[in-house]
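Summary of structural features
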Amino acid sequence: MSLVLILTILIVIGALAFDFINGFHDTANAIATSVSTKALKPRQAILLAAVMNLVGALTFTGVAKTVSKDIVDPFTLHNGSVVILAALISAIFWNLLTWYYGIPSSSSHAIIGSIAGAAIAAEGFNALNYTGFIKIIEALILSPILAFVVGYIVYSIFKVAFKNLNLAKTNKRFRYIQIATAALQSYSHGTNDAQKSMGIITLALVSSKYLSPDAGIPFWVQLSCAVAMGLGTSIGGWKIIKTVGGKIMKIRPVNGVAADITGAAIIFGATYIHLPVSTTHVISSGILGVGASHRLKGVKWDTAKRMLITWVITLPITAIIAAIVFYILNLFF
């Protein structure tokens with residue numbers, strides 16, 4: 001068995017592992033609000049999220065193509081397979097670390113920072129495709145800001161539209177609506193997040209010359225990533241569910257619906273224009289926007305501050321970790 005084939009197999013396994021971890025790491029994004037308001041029981045919410053993540057992952061491939069081409073050019077990398085493997089190890093390590101401490105960090109930031117860091121370690125700063133890379137970074141930065149603004153506006157509209165309704169009856173009705181919005185948000189999560197692993201596997205196949213750069217995303221790659229994320233989602237990420245569902249603000253059904261609609265709209269928009277975004281930060285920022293609109297003092301800004309710090313540090317830290325891992329792997333491959 002050739003060294004190139006061994007590396008490619010390791011990358012496929014690593015990418016599916018990353019997708020699986022992404023599933024339970026980011027489950028909270030889609031279902032935390034519905035669990036916290038008791039619109040769904042935890043097991044029901046996780047099953048719903050798993051199914052909708054699977055369906056969403058099978059629907060689109062545009063983001064995968066962006067990840068496979070716009071960060072680095074696989075043909076310019078002398079040791080491309082080792083670069084990708086180092087990036088996966090770094091991103092998996094960071095996801096597990098932040099999951100352990102219950103911090104809703106971004107799997108998108110982790111994998112994109114890791115690919116950039118490993119590529120720079122291999123070939124220097126010229127290895128990056130700056131046009132595509134800057135476009136992705138802009139999307140990662142702007143999407144949570146947009147989610148906060150949209151969340152604020154959506155809930156402001158809700159306050160006006162439902163101001164004369166009985167609060168208890170309104171909350172009961174919104175619990176039913178929340179089942180649909182949780183499903184929508186889980187579907188949108190699948191359309192964006194699972195594609196990052198699809199893009200990584202495709203990048204590895206192209207750089208190893210097992211796939212033509214114009215071949216698109218193979219269906220077996222799409223299906224395996226979708227299944228891995230669905231299985232990961234079925235495990236659940238309870239520590240992060242507690243953070244997103246209760247430590248940002250006290251969520252009622254009407255708040256949850258507004259936040260779910262906001263998150264799904266932003267993620268769908270990003271998927272439509274083929275840009276990877278952090279579903280974690282989009283959904284968390286949507287909740288913050290809703291909370292600020294509902295009652296500014298009701299938002300737990302300490303949690304928001306911790307999330308913001310994680311958001312800022314993930315890209316550089318994962319880039320450094322990936323560079324170190326690359327240097328270690330390069331001794332063996």
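Now for a look at the structure at hand. Bear in mind that the values here come from a model prediction, so they are computed numbers and not experimental data. (Residues numbered from 1 in each chain as written. Predicted model: local features only at pLDDT ≥ 70, side-chain atom pairs only at ≥ 80, totals over all residues. Heavy atoms only, no water.)

Glancing now at the side chain of Ser208. Its place among the elements puts Ser208 in the loop between helix H7 (167–207) and helix H8 (219–235). Judged by relative accessible area, Ser208 falls into the buried class, the value being 11%. A distance of 3.1 Å separates polar atoms of two side chains, one belonging to Ser208 and the other to Ser81. If we skip the residues at most four places from it in the chain, Ser208 touches Val4, Thr8 and Ser81. (Helix = DSSP H or I, 4+ residues; strand = E, 2+ residues; numbered from the N terminus. Buried < 20%, exposed > 50% of the residue type's maximum accessible area, 1.4 Å probe, protein only. Polar contact = N/O pair within 3.5 Å; in protein donor to acceptor, adjacent residues only side chain to side chain. Contact = heavy atoms within 4.5 Å.)

With that settled, consider the pattern of salt bridges. Overall, the coordinates contain 2 salt bridges when judged by the stated rule. With a shortest N-O distance of 3.2 Å, Lys135 and Asp70 are connected by a salt bridge. One end of the pair, Lys135, is in helix H6 (residues 130–161); the other, Asp70, is in the loop between helix H3 (62–69) and helix H4 (80–100), with 65 residues separating them in the sequence. Under the relative-accessibility criterion, Asp70 is labelled buried at 16%. Between Asp193 and Lys196 there is a salt bridge whose closest N-O contact spans 2.5 Å. (Salt bridge = Lys/Arg side-chain N within 4 Å of Asp/Glu carboxyl O.)

For the pair helix H5 (residues 107–123) and H6, the least separation of the axes is 11 Å and the interaxial angle reads 155°. Judged by the inter-axis angle, H5 sits roughly antiparallel to H6. The two elements H5 and H6 meet at a crossing, and its hand is left-handed. On the side of H5, the interface is formed by Ser108, His109, Ile112 and Ala116, while H6 contributes Phe133, Ile136 and Leu140. Partitioning the contact of H5 with H6 into residue classes produces 5 nonpolar, 2 polar and no charged. (Axes fitted to C-alpha atoms, helices over the stretch in contact; angles between N-to-C directions. Parallel < 35°, antiparallel > 145°, perpendicular 65-115°, else oblique. Left-handed = near helix turned anticlockwise from the far one by under 90°. Nonpolar A, V, L, I, M, F, W, Y, C, P; charged D, E, K, R; others polar.)

Further remarks concern the environment of Ile261. Within the secondary structure, Ile261 is located in helix H10 (residues 253–272). C-alpha of Ile261 to C-alpha of Val282: the two residues are 21 residues apart in sequence and 11 Å apart in space. Excluding anything up to four places from it in sequence, Ile261 contacts Phe158 and Thr181.

Turning our attention to the packing of aromatic side chains. Tallied over the entire structure, the rule returns 5 aromatic pairs. Between Phe162 and Phe174, the ring centres sit 5.2 Å apart and the planes meet at 85°, which makes this aromatic pair edge-to-face. Remark: Phe174 occurs in helix H7 and Phe162 occurs in the loop between H6 and H7; sequence separation between them is 12 residues. Within the aromatic cluster, the residues linked to one another by ring pairs are Phe158, Phe162 and Phe174. (Phe/Tyr/Trp six-rings, centres within 6.5 Å; stacked < 30°, edge-to-face > 60°.)

This part takes up the packing of H10 against helix H11 (residues 279–294). Where H10 contacts H11, the two axes come as close as 8 Å, and the packing angle between them is 140°. In this view, H10 runs oblique relative to H11, as classed from their interaxial angle. When you trace H10 past H11, the crossing you get is right-handed. Of the residues in H11, those in contact with Asn255, Ala258, Ala259, Thr262, Gly263, Ile266 and Ile267 of H10 are Thr279, Val282, Ile283, Gly286, Ile287, Val290 and His294.

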